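Descriptive structure summary
This is what each chain is made of:
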Amino acid sequence: MTLNSIRQAAARLAYRAVMPLRRRRLRNRRVSIISNDCFSSFMYRFYGTEFNSPFVGLFIMPDDYLDLLEDPVLLHGPMQMTTATHSRHRAALSHLPDYPLGILPGGREIHFLHYADTAEALDKWTRRLARLDMSNCIVKFSENNGCTAEHLRRFDALPYDAKVAFTCRRYPALRSTLYLPEFAGEPELGKYWKIADLRYNLGRHADALTAGS
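Per chain, residue numbering runs from 1 following the sequence as it is written. The model is predicted, so local features are restricted to residues of pLDDT at least 70 and side-chain atom pairs to those at 80 or more, both for listing and for counting; the totals for chains, interfaces and linings are taken over all residues. Note that the side-chain values use all heavy atoms of the structure and ignore hydrogens as well as water.

Under the DSSP-based scheme used, a helix requires at least four consecutive residues in state H or I and a strand at least two consecutive residues in state E, with every element numbered from the N terminus. Looking at the element boundaries, Asp207 is found in helix α7 (residues 202–209). Burial classes follow relative accessibility: with a 1.4 Å probe on protein chains only, a residue under 20% of its type's maximum area counts as buried, one over 50% as exposed, and anything between as partly exposed. For Asp207, a relative accessible area of 8% corresponds to the buried category. Between two residues, a contact is recorded if the distance between any of their heavy atoms is within 4.5 Å. Here Asp207 is in contact with Arg25, Leu26, Arg27 and Asn28, once residues within four sequence places are set aside.

This next bit is on the sheet that holds strand β5 (residues 137–142). Read from one edge of the open sheet, four strands run β1-β5-β6-β7, paired in parallel fashion. Among the strands making up the open sheet, the edge pair consists of β1 (32–35) and β7 (177–179). Averaged over all neighbouring strand pairs, the angle between strand axes comes to 25°, with direction disregarded. Sheet topology note: the β5/strand β6 (residues 163–167) ladder contains four bridges and is parallel. Paired with Val139 across the two strands is Lys163, which belongs to β6. Each of β1 and β5 touches helix α3 (residues 62–70); the most contacted strand, β5, lies at about 155° to it. Sheet strands touched by α7: β1 and β5. Its angle to β5, the strand with the most contacts, is close to 140°. In this analysis, strands are considered paired if DSSP registers two or more bridges between them. Fitted lines through C-alpha atoms serve as axes, helices being fitted only where they are in contact, and the angles separating the N-to-C directions of these axes extend from 0 to 180 degrees.

Along the chain, Tyr179 turns up in strand β7. Placed 10 residues apart in sequence, Tyr179 and Arg169 show a C-alpha to C-alpha distance of 6.1 Å.

Within β6, four of the five residues are buried, which leaves the element mostly enclosed by the surrounding structure. Look down the strands so they point away from you; if the path from the first strand over the helix to the second goes clockwise, the crossover is right-handed. Of the crossover connections in this fold, the one passing from β5 over helix α5 (residues 149–156) to the parallel β6 is right-handed. As judged from the three bridges shared by β6 and β7, these two strands associate in the parallel manner. Looking at β7, one finds that Ala165 is bridged to Thr177.

With that out of the way, let us pick up the nonpolar core. Only buried residues count toward a nonpolar core, which is a set of Ala, Val, Leu, Ile, Met, Phe, Trp, Tyr and Cys residues joined through side-chain atoms within 4.5 Å. Counting 59 residues, the largest nonpolar core has Phe39, Met43, Leu69, Ile110, Trp125, Phe166 and Tyr192 as its most contacted members. Counting residues per element, this core draws most heavily on helix α2 (residues 39–47), at five residues. Dropping the residues within four chain positions of it, Tyr192 is found in contact with Asp37, Phe39, Lys140, Ser142, Asn144, Phe166, Leu180 and Phe183. Counting five residues, the second largest nonpolar core, distinct from the first, contains Phe59, Met61, Ala84 and Tyr99.

On to the side chain of Ser32. Secondary-structure assignment places Ser32 in strand β1. Taking relative accessible area as the criterion, Ser32 reaches 0% and is therefore assigned buried. Aside from chain neighbours lying at most four places away, what touches Ser32 is Tyr44, Asn52, Ser53, Arg131, Leu132, Asp133, Asn136, Cys137 and Ile138.

Remark: helix α1 (residues 3–25) packs on helix α6 (residues 193–200), axes separated minimally by 9 Å, with the N-to-C direction vectors making an angle of 60°. What the angle tells us is that α1 and α6 run oblique. Judged by the twist between their axes, the crossing of α1 over α6 is left-handed. Where α1 abuts α6, its residues Gln8, Ala11, Arg12, Ala14, Tyr15, Val18, Met19 and Arg22 lie against Lys194, Ile195, Asp197 and Leu198. Residue type decides the class: Asp, Glu, Lys and Arg count as charged, Ala, Val, Leu, Ile, Met, Phe, Trp, Tyr, Cys and Pro as nonpolar, and the leftover types, Gly among them, as polar. Here the contact of α1 with α6 is composed, by residue class, of seven nonpolar, one polar and four charged. Here the word oblique covers every angle except those under 35 degrees (roughly parallel), over 145 (roughly antiparallel) and from 65 to 115 (roughly perpendicular). Put simply, a crossing is left-handed when the front helix is turned counterclockwise from the back one by less than a right angle, and right-handed when it is turned clockwise.

On to unusual backbone geometry, then. Of all residues except glycine, most have a negative phi; of all peptide bonds, most are trans. Phi angles above zero are rare outside glycine, and Asn145 is one such case at about 55°. Along the chain, Asn145 falls in the loop between β5 and α5. The backbone phi angle of Asn201 is positive, close to 65°, even though this residue is not glycine. As for its position among the elements, Asn201 is in the loop between α6 and α7.

Structurally, the position occupied by Ala10 is in helix α1. Once the C-alpha coordinates of Ala10 and Ile195 are considered, the two residues, 185 residues apart in sequence, prove to be 9.3 Å apart.

Function-wise, these values are silent; they only describe arrangement.
Below is the structure:
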């Protein structure tokens, strides 16, 4: 075992210990989680809340994700459904099985990795999009899928009150980044969700959004 794998295993055990208390303490159960990968899916399950966001069971490549965050009106545009074999990123994603792919205006791709077919993906995207509350949201990014320092700088400049980018490197000039030392020296984050929330505490940040209301 590597030092990182030992650290990751210890962090997951620690998260298992603190999660029940965090789940009970959560008051803002309507928070919308916007994410470029499966982080939001796991957080909704860990905290036992409804999926108040369409960003569940899917991933989005960095450029497309940042385009959507910079102009969230695009999220409500018509989505064309196809499969991942038609993705412009198909070469980089060739290790994955085929899955539904949604294409928003301007060619922004939504990769529905954990959906059975295009009909299910579009139906759940549409229903959950209606629950998305941009005034009560946490926006999350991660150093995965070819994310670069420039992508992180774009994310850092976004005007969202609650945003965080989980990274495997230190970026001291970027206020929104949260370094995960359990992945130090690795090219990208792995299955980081529990470790990230151990250090971030999504419940505390969610409750801060509605403090005083």
